[in-house]
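# Inside the fold
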Amino acid sequence: MKKGILTAIMFFLTAVMIHAQEINVQGTVISRVDDEPLIGATVICEVNKKGVATDIEGKFSMSVPKGSVLKVSYVGYQTVEVKAEPELTIYLDEDSGLLDELVVVGYQTVRKADLTGAVSVMDMKDPLSENSGNIMSSMAGKLPGVNVVPDAAPGGTGSIRVRGMSTANSSNDPLYVIDGVPTDNLNCINPNDIETMQVLKDAASASIYGSRAANGVVIITTKHGKGDRLSVNVSYALSAQTIAKRYDMMNADQWGQAYWIASRNAGMTPSIPLYGSGETPKLVEFINGDKNYPTTNTDWQDQVYQTAWTNNLTASVSNNTEKSSVLFSMNYINQTGNIVSSFYRRYSARLNTRFDFGKYVSVGENVVIANWKNRGVDVAGDRGIPFTAMSQHPALPVRGLNGDWARPMELIGSDLANPVQLINNAEDNDLQSWRILGNAFIEVKPIEGLVLKSNIGIEHSQYFNNTLGRRVNPGDVNSMSSVYGQGDTWTWTNTANYNKTFGENHHLTALIGSEAIGYTFKDLSASREDYMFEDSDFMQIGSGSGTRNNGGGKTQWSVFSLFGKIDYNYADRYLASFTIRRDENSRFAKGHRSGVFPAASLAWRPTAESFWPANTVLTDLKIRYSWGQNGNANIPPLYPTYSTYIYNTGNGAYDITGTNSQTRPGITLAASGNPDLKWETTTQNNIGVDLQFLSGAINLTADYYIKKTTDMLTIPPALDVAGENAAIWLNTGDMKNTGWEVSLGYTSPSYGDFSWNGSLNISQYKNKLVNLNSVQKFIGGDVRLIPGQAMGVYYGYVCDGIFQNTAEVANHATQNGAAPGRLIYRDLDGNGVIDDNDRCIIGNPNPEISLGLNLGFRYKSLSLDMFFAGDFGQDIINHMKRQLYFMNYGNLTTNRSVDVLNAWTPQNTGSDIPALSLTDDNNESRFSTYFIENGSYMKMKYLKLSYSLPESVYKVIGSQGIDIYGQVENVFTLTKYKGLDPEILPGTYGSLTDNGSYPRPRTYTIGVNVQF
């Protein structure tokens, strides 16, 4: 008892002594810029980690142990540490680092504050897609004016469009520059290796890259060693992918009901071997009486789709000293697909180094080597796996009782193959690729401010694909093909960059340089038919007994460039930039081979003027204007200015000896050349404004642009009398894009242990094909290029619903097949007959508004991040509705959506699905607004919860920090679109056609990052 009392007394005395050692601090936090109090500044005691925030007068009060150090911070200001005193007045200086943030542009690194063009910077600290090995999956919706649609297939790439479509017949892909090396894809780049990423959107920013920059430039800089010690980082992520949405198809009994209704509506007596010919359908026990194939109720989507898993492991070692920087990184990603048997597996390694020899010479290199293997499946089309799995008859089994494949052609007369057999036939296809991408450089600094740099870049790509064409039906001829291709690009860039400050306010940067690029591609191919055995070891080129084919070729192109740029900055107040580049491209003939691409940009910062009042609200304002030109020569043929010929054993064969029994091969025209062909030129005007509020707590950037493409490269058709392959490439078309972009960012002060940040970007563009050519009024069919309209508009009939009764049919224009329950087509020309003249523009694939919203919340060691993205106003061609809703589309024995059981009947007139029928007397498969849907959507792209383990945990293993996280991608989609997913890869002329692409999954990831 006495011992307990004594212990209590000692605890009491200890508490009193501790309290006596504390002091009460009364303080005020003030901005040194304008002597105004800072509201919401964070004050943290470094001893006990307790914190408070300042009130509306900038004041705070807290009790802390005597001798403590207080850390005071506020968004946009430099953090300071002060010793605790009873009374404190703390001044914070503005953080110039916000203005000094560096951005990589063409051959230079500049301060973000000095930018005079339109450049979007991706924050690589934001969560990335851990399931994909391609950075495109993490870019979608992040940058204003940059539309990114990733491919859902394992190892898929995707599409990037910067400020819309700029041209009709050549590529609209941007130029990628990785560590100074231009390339056309991002396949081998591990997202975890990327330090910075910028997109040059306007011509002034991109013009330094000349002829390859008309569609924008994506600049990627990879990581290097940092700090002053050896660092080891290991990250691992495990992801599970599930199909986010499937089609709800009929089962075997429902199919029979729908078929009987459709037969009677077509005036036929219902009869089909699978269900008999009675008053009601009755599914037979065995297909065609063959007891090896009992009827069943197969869910074909279940048979081809699976939960997919991805393992993503990255390990890196880096070191940095005053004289050197080294980073070595390795990545392994193994991604199985949601379609059975599909996968992507990649190994990659990166080595980045830099060594300084004294003050004057530096050398370094950045190189990545990657090897990947993948197996895909046919998608997108009526014979693709998604379409076939949706459409195959549910009464068919996958295999017979003896293990043989159930072949729909033999059993029920269907021309759609067994999708599981198709997947199985391709399971030994072997597609392998290697890629080496890198550069080596030397920098010399002979005098202060001058840097001479020579950079040699290489890109080596090769692939070797073996494809087995196994029999689907017994009468098929099997085959095997092998294809090898190798592409090599070298880039030699030499620059001189001079920086000089004159007096206190005049800062000048001058850049001159030359660049030579050469590309060579070679390929070999061979194929063989008719193999006795279909074992993968036996199916080699030399083992077949049937027809042999071989091919191969070689193509080359080169570009030589001279360029220069001058940047001028007066007191961070007036900024100007002038660029010029001259390119010579081997694709064009002499006299048209060279193109000159100039650009100029100006900026004014009124907040740096003496008349600007000191304030803490609008702390920085910059107004920008730019003009510039870029070129484009990226069309499919490499030799469009020359007529080319081929050795032809078919149409070129001729009985030159007159024997009437034997012909000899000849040479025929393969393509006609145009020696007057020249560059496609894109001219862009951009006006923008950058605003910073509350010393960087709020940032706003807005841009408006006009983008015109002239001398567009097109290939109009030639008259028949001109002969075969007489069409030539011409400079005939013009296109115009106008648009605006706004991005808004906010970083909150700390509210104790809590803080948050957010960013919003919104953009819009309008596309118009101004001129096509003098020969054609339009190009295309259902998707068209029409002068005066947006690129890729949809052209077809206007559907006005469903005829409800005979009176509506009688009062309508003459329409072959019109009847109650059938679709109504509008008589646009008023001639009383529905014909081809009643077609018009019925849709536009270009969105009216695109946006992205990023939110991040921090509480102590917890972080919650979420990202939303959406496009609004675009139209989608839902080709799948033809198969889903029309019993007469394609083969009559294929499956349809369960929704057809709610199709129009005289008793169910509210349905938007026409009456079921086995015949298409009304031609309802014609292209009309019935197949056009509003593709607007808003997605929650990802949700990520992270936790940093406490020091007491990670120190146990000698670590510097451990972060664990869980992440969900493709969380939900808000849309009225009836298809599986409105996020669709652009097709012909930018059209959005849903025809059964690889299903977009929902992904669940858990991961860990460990630093040593």
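This section reports on the structure supplied with the text. Since we're looking at a predicted model, the values are computed, not measured.

## Notes on the overall build of the protein
Along the backbone of the protein there are 12 helices and 49 strands. The C-alpha atoms of the protein give a radius of gyration of 34 Å, which matches the 31 Å a tight globule of 1012 residues would have. The dimensions of the protein, computed from C-alpha atoms along their principal axes, are 105 × 90 × 65 Å. Taking all 1012 residues of the protein together, 49% fall into the buried category. In the form shown here, the protein has an accessible surface area of approximately 45,300 Å², with 55% of it arising from carbon and sulfur atoms. Taking the average location of the 82 positive side-chain charges in the protein and that of its 99 negative ones, the two points are 4 Å from each other.

## Overview of the environment of serine 348
Summarising the element assignment, serine 348 is placed in strand β20 (residues 343-357). If sequence neighbours within four positions are ignored, serine 348 has contacts with Cys188, Ser329, Met330, Asn331, Ile369 and Ala370.

## Remarks on the environment of asparagine 319
Relative to the assigned elements, asparagine 319 resides in strand β18 (residues 308-320). Linking asparagine 319 and proline 675, residues 356 residues apart in sequence, is a C-alpha distance of 55 Å. Within the structure, the side chain of asparagine 319 is placed 3.4 Å from the backbone nitrogen of leucine 230, a separation counted as a polar contact.

## Points about the pairing of strand β12 (residues 158-162)
Burial analysis of β12 places 4 of its 5 residues in the buried class, the great majority of the element. Note: strand β11 (residues 146-150) against β12, 5 bridges, orientation antiparallel. Note that in β12 the partner of valine 146 across the bridge is valine 162.

## Comments concerning unusual backbone geometry
Residue aspartate 711 is not a glycine yet carries a positive backbone phi of 55 degrees. Relative to the helices and strands, aspartate 711 is located in strand β33 (residues 698-714). At asparagine 970, a residue that is not glycine, the phi angle is positive and equals roughly 55 degrees. Structurally, the position occupied by asparagine 970 is in strand β47 (residues 961-975). The buried category is assigned to asparagine 970, whose relative accessible area is 9%.

## Some words on the pattern of salt bridges
Should the charged atoms of two oppositely charged side chains come close, the side chains can pair. Summed over all chains, the structure comprises 37 salt bridges. The partner of glutamate 741 in a salt bridge is lysine 201, with the nearest N and O atoms 2.8 Å apart. On the criterion of sequence distance, the pair formed by glutamate 741 in strand β34 (residues 730-747) and lysine 201 in the loop between β15 (194-200) and α4 (203-206) is long-range, its members being 540 residues apart. Its relative accessible area of 3% is what places glutamate 741 among the buried residues. Residue lysine 201 is classed as buried on the basis of its relative accessible area of 5%. Between glutamate 983 and lysine 939 there is a salt bridge, with its nearest N and O atoms 2.8 Å apart. Remark: lysine 939 occurs in strand β46 (residues 937-948) and glutamate 983 occurs in the loop between β47 and β48 (993-994); sequence separation between them is 44 residues. Summarising the burial analysis for this pair, glutamate 983 and lysine 939 share the class buried. Among the charged side chains, a salt-bridge network with shared partners connects Lys939, Lys941, Asp981, Glu983 and Arg1000.

## Comments concerning the nonpolar core
Tyr275 and Tyr930 are the most contacted members of the largest nonpolar core, which totals 58 residues. When residues of this core are traced back to their parent elements, those giving at least two are α5 (252-265), α6 (300-304), α7 (385-391), α8 (408-412), α9 (419-425), β39 (799-802), β40 (823-825) and α11 (880-885). Not counting chain neighbours up to four residues away, the residues in contact with tyrosine 275 comprise Ala252, Trp255, Gly256, Trp260, Pro281, Lys282, Leu283, His393 and Ala395. Core analysis: the next-biggest nonpolar cluster, separate from the first, contains 29 residues, Ile160, Cys188, Ile220 and Val368 among them.

## Things to note about the sheet that holds strand β36 (residues 779-780)
Read across the open sheet, the 4 strands follow the order β36-β37-β38-β41; overall the sheet is antiparallel. Strands with a single pairing partner mark the edges of an open sheet, and in this sheet they are β36 and β41 (840-843).

## Points about the environment of lysine 554
Mapped onto the secondary structure, lysine 554 falls in strand β26 (residues 548-570). With relative accessibility at 52%, the residue lysine 554 sits in the exposed group. Sequence separation between lysine 554 and leucine 524 is 30 residues, and the spatial gap between their C-alpha atoms is 9.3 Å. Here lysine 554 is in contact with Thr520, Phe521, Lys522 and Tyr639, once residues within four sequence places are set aside.

## Observations regarding the pairing of strand β29 (residues 618-632)
Of all 15 residues in β29, 12 are buried, a share of seventy percent or more. Of the pairings in the sheet, the one linking strand β28 (residues 594-604) to β29 comprises 6 bridges and is antiparallel in character. Bridge pairing in β29 places serine 601 opposite serine 626. Here β29 pairs with strand β32 (residues 680-693) via 14 bridges, running antiparallel. Pairing of glutamine 629 across the sheet is with threonine 683, part of β32.

## As for α5
Residues spaced three or four apart along an α-helix point in a common direction, a consequence of the helix completing one turn every 3.6 residues. For α5, built from 14 residues, the straight-helix expectation of 20 Å at 1.5 Å per residue is met to within 8% by its first-to-last C-alpha distance of 20 Å. All buried positions along α5 are accounted for by Ala252, Trp255, Gly256, Ala258, Tyr259, Trp260, Ala262 and Ser263. Sitting at the head of α5, asparagine 251 places a side-chain oxygen 3.2 Å from the backbone nitrogen of aspartate 253. Looking one or two places after α5, you find glycine 267, whose phi comes out positive at around 80 degrees.

The rules behind these values
Residues numbered from 1 in each chain as written. Predicted model: local features only at pLDDT ≥ 70, side-chain atom pairs only at ≥ 80, totals over all residues. Heavy atoms only, no water. Helix = DSSP H or I, 4+ residues; strand = E, 2+ residues; numbered from the N terminus. Rg over C-alpha atoms; globule rule 2.2 N^0.38 Å. Buried < 20%, exposed > 50% of the residue type's maximum accessible area, 1.4 Å probe, protein only. Areas by Shrake-Rupley, 256 points an atom, 1.4 Å probe, with all protein chains shown as cover. Lys, Arg positive; Asp, Glu negative; His and termini not counted. Charge placed at Lys NZ, Arg CZ, Asp CG, Glu CD. Contact = heavy atoms within 4.5 Å. Polar contact = N/O pair within 3.5 Å; in protein donor to acceptor, adjacent residues only side chain to side chain. Pairing = 2+ DSSP bridges. Salt bridge = Lys/Arg side-chain N within 4 Å of Asp/Glu carboxyl O. Core = buried A, V, L, I, M, F, W, Y, C linked by side-chain atoms within 4.5 Å. Expected span 1.5 Å × (residues − 1).

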